[in-house]
Amino acid sequence: MPYEPFLRPKLNGRRFDGGVIPLDALTELQAYSELVSAVARALFFQRNPDRKRVGKGFKDDSTLVLRGEIGEGSALPAIDRWVPYEQVALPGFSTADAILDARELVGECVLAAAAGVPLPADFDLDLLPGFSKFGRRLRPGESIELRTPNGKCGPIYDQSVRRKILGRVPNTVLEESVEVRGSLHGLDAKSKTFTFTHAGVDIVGTYDPLWSKSVIEAVAAYDVDPSVQSVIKGVAKIEGERLVKITQVYDIALLEKPDPVEMEKMENSLSTLARLSDGWLDGDGVAPSPESLDFLRDALTHLIERERLSCPRLYPTEDGGARAEWFFQRWDISAEFNPVDRVAYLHALELDTDEEEDREISLGSEQAVGDIAAFVRKYQAEGGR
Amino acid sequence: MKSEAVDDVDEAAPVDLLQTEDPPRIRLDDYDEMLFRQQHPDLVRDGIPMSSVFEPKKADAGLLSVSRGARTTAEDAFVLHTKVKGLRSAAVYGVTVGECAELDLPGYEDPKVNPVPDPAHALVDFCALPRKRKERASKKLRDWALERKPLYVAPA
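Residues numbered from 1 in each chain as written. Chains lettered and ligands numbered in written order. Predicted model: local features only at pLDDT ≥ 70, side-chain atom pairs only at ≥ 80, totals over all residues. Heavy atoms only, no water.

Novice: Which parts of the structure should I look at to understand the overall build of chain A?
Specialist: Helix and strand content of chain A: 9 helices and 16 strands. Once local pairs closer than 6 in sequence are excluded, the contacts in chain A between residues at least 24 apart make up 59%. When the accessible area of chain A is evaluated, it comes to approximately 17700 Å², of which 52% is carbon and sulfur surface. (Helix = DSSP H or I, 4+ residues; strand = E, 2+ residues; numbered from the N terminus. Contact = heavy atoms within 4.5 Å. Areas by Shrake-Rupley, 256 points an atom, 1.4 Å probe, with all protein chains shown as cover.)

Right under this line is the structure:
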């Protein structure tokens, strides 16, 4: 079969370490293929305004296949385009041209969204919802780098870029992969729904019968001890930055009690911050507010309890925020929480090689703590190698 | 760099702002000279200073205050900082002019007469660095300073 190299996406994130692609992540590649096909179809009509149909070769031209070629480290699948017959160069803009241009256009959209600039004029805005399926199951900290066959790097598509693209669709309800913690206390076996309290708000979730036993166990544990927390991984509907419904579950687990030594260390660090008063930094320096300290307690509890991270060294910052720092071998990691702008600035530096990465995360987002955890865990894993 | 990275102009060549002053400040050129930095007691955890200790505060307008090893000692710098200026310090760390230069951080003489005579006062210029490079610089300076251990520790 004749195939032509089309894309060499690089899948980054813990699930793809060791060059593997979990089968449930293949839906992302399928969604990408559908998106490119839809964009190609739109491009074809844009450039051939007299045509009413794309022609029977379109389906063949837009067939993308996955070939077994897995790189080391992150997963690097090889996506090729099926070239089903010897293509005769016809005058005008062919469907094969459209597929290649669609690949470029999708990449340009991702770059534009990441940079916060308008999408390319060629892009038909009616196709924006095509990004809804693509990336829906990408988890915090994961990304797909859309490398072309000869490219050493490419546009990076992750949850934040996806949100920026779908945020341009009016009245859109975003669905994305989440990991949320709370109390699972209600169950309706008939409708296969459960009630989950997250951040003080009751949310309804639907589950597949596969998860019936886990849901029942979580509710039973709550009945015995209402302080018991569960963590749910799945897909949720997000409105603005608020989680409104869990539409799909991939995992439900009861939270283990946190390591008491690390939790005590965290409480001591927070108490030290709470004792500061305005002017603590030789006349400068704002004291952290109770709200900031509450946010930090929640965030650090999540990092220690769920992510098994050690309690960071926690320092005050002069604007009333805090800075968490970890060393993982020669990786120096920091997360600086700014309560005024409600953002966290994350930075990782390998002290010998100067390899580094930074990120800014909005603290208003439902996924903020999960994103911070994913960033830190990535370098914890690097440091452990 | 990742798409969500904060500084797109990260690798821009730094501009030496203090050299545009008239008359220009005198640049520190002895790469072996030690520069002392005071460690605020609220910015240390488990014996490790926060990396931002090696970065200017907002009020310092991008200029990190240090004391020149060629003009004072770590102990004398500590005494001037705490006893004379009335500021707080738990320890004194040191980095060299050469280490700063390696990070594109020029050092300048900045002797003070008022309100307190401080002939050893000097500045390390962070002005030209975008955020990501400031982070890198402060972490590298801390790493080198920690390797040297504190050069003076406040008496208990």
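Back to the text.
Novice: What's the story with the interface of chain B and chain A in this structure? I'm lost.
Specialist: Accessible area lost on assembly of the parts is the figure often given for the size of an interface. Listed as interface residues are 32 residues of chain B and, on the opposing side, 40 residues of chain A. For the interface between chain B and chain A, the tally reads 12 salt bridges. Between E356(A) and R136(B) there is a salt bridge; the shortest N-O distance is 2.6 Å. The interface formed by chain B and chain A contains 19 residue pairs in polar contact (both at pLDDT 80 or more). Of all the elements in the fold, those that place two or more residues in the side of chain B that touches chain A are β2 (44-45), β3 (48-49) and α3 (131-148) of chain B. (Salt bridge = Lys/Arg side-chain N within 4 Å of Asp/Glu carboxyl O. Polar contact = N/O pair within 3.5 Å; in protein donor to acceptor, adjacent residues only side chain to side chain.)

Novice: I tried to follow the sheet that holds strand β4 (residues 78-82) of chain A on my own but got confused; where do I start?
Specialist: Strands in a sheet are paired, the pairing made by backbone hydrogen bonds, and the direction either parallel or antiparallel. Residues and elements named next belong to chain A. What the 3 strands build is an open sheet, ordered β1-β4-β3; its pairing is antiparallel. The open sheet terminates on both sides in strands that have one partner only, identified here as β1 (3-7) and β3 (64-67). Here the strands of the sheet are splayed against their neighbours by 45 degrees on average, with no regard to which way each runs. (Pairing = 2+ DSSP bridges. Axes fitted to C-alpha atoms, helices over the stretch in contact; angles between N-to-C directions.)

Novice: Help me understand the pattern of salt bridges, please; the structure alone is not making it clear to me.
Specialist: Two side chains with opposite charge may pair up if their charged atoms get near one another. Following the criterion strictly, the structure yields 35 salt bridges over all chains and no others. One salt bridge in this structure joins D332(A) and K139(B), with 4.0 Å as the shortest N-O distance. In this pair, D332(A) sits in strand β14 (residues 331-338) while K139(B) sits in helix α3, so the two residues belong to two different chains. Since its relative accessible area comes to 0%, K139(B) is described here as buried. (Buried < 20%, exposed > 50% of the residue type's maximum accessible area, 1.4 Å probe, protein only.)

Novice: Could you clarify how one ought to interpret the layout of surface pockets in this entry?
Specialist: Empty space among the atoms becomes visible once a probe the size of a water molecule is rolled across them. In this model, the largest pocket occupies a volume close to 1300 Å³. Surrounding the largest pocket, 49 residues form its lining, R37(B), E55(B), P56(B), K57(B) and D60(B) being those nearest its centre. Those elements giving two or more residues to the lining of the largest pocket turn out to be β14 and β15 (343-350) of chain A together with β1 (34-39), β4 (63-68), α1 (74-84) and α3 of chain B. Here the lining of the largest pocket gets 4 residues from one element, more than from any other, and that element is α1(B). Its residues assigned to classes, the lining of the largest pocket comprises 18 nonpolar, 11 polar and 20 charged. (1 Å grid on protein atoms, 1.4 Å probe; cavity = no way out; pocket = protein on both sides within 12 Å on 5 of 7 lines; lining within 4 Å. Points joined across faces, edges and corners; volume = space filled by probe spheres on them. Nonpolar A, V, L, I, M, F, W, Y, C, P; charged D, E, K, R; others polar.)

Novice: Could you clarify how one ought to interpret the pairing of strand β11 (residues 242-254) of chain A in this entry?
Specialist: A regular strand places its side chains so that they alternate between the two faces of the sheet. All names here are of chain A. For strand β9 (residues 201-206) and β11, the ladder comprises 2 bridges, and the chain directions are parallel. When the bridges of β11 are listed, G205 appears paired with I246. When strand β10 (residues 230-239) meets β11, the two strands line up antiparallel, connected through 10 bridges. Across the sheet, the residue bridging to I238 is L243, located in β11.

Novice: Which parts of the structure should I look at to understand helix α5 (residues 159-166) of chain A?
Specialist: Helical geometry note: an α-helix holds 3.6 residues per turn, so side chains three or four residues apart project in the same direction. Residues and elements named next belong to chain A. Here α5 lies mainly inside the structure; 6 of its 8 residues are buried. Of all the positions in α5, only Q159, S160, V161, R162, I165 and L166 are classed as buried. Its side-chain oxygen 3.2 Å from the backbone nitrogen of S160, D158 forms the N-cap of α5.

Novice: What is the right way to read empty space enclosed by the protein from this model?
Specialist: Residue and element names in this part refer to chain A. A full pass over the atoms with the stated rule returns 2 cavities of 30 Å³ or more. Taken as a whole, the second largest cavity holds about 30 Å³ of empty space. Taken together, R139, P140, S177, V178, E179, K233 and Y250 make up the lining of the second largest cavity. Here the lining of the second largest cavity gets 3 residues from one element, more than from any other, and that element is strand β7 (residues 174-188). For the lining of the second largest cavity, the class distribution of residues is 3 nonpolar, 1 polar and 3 charged.

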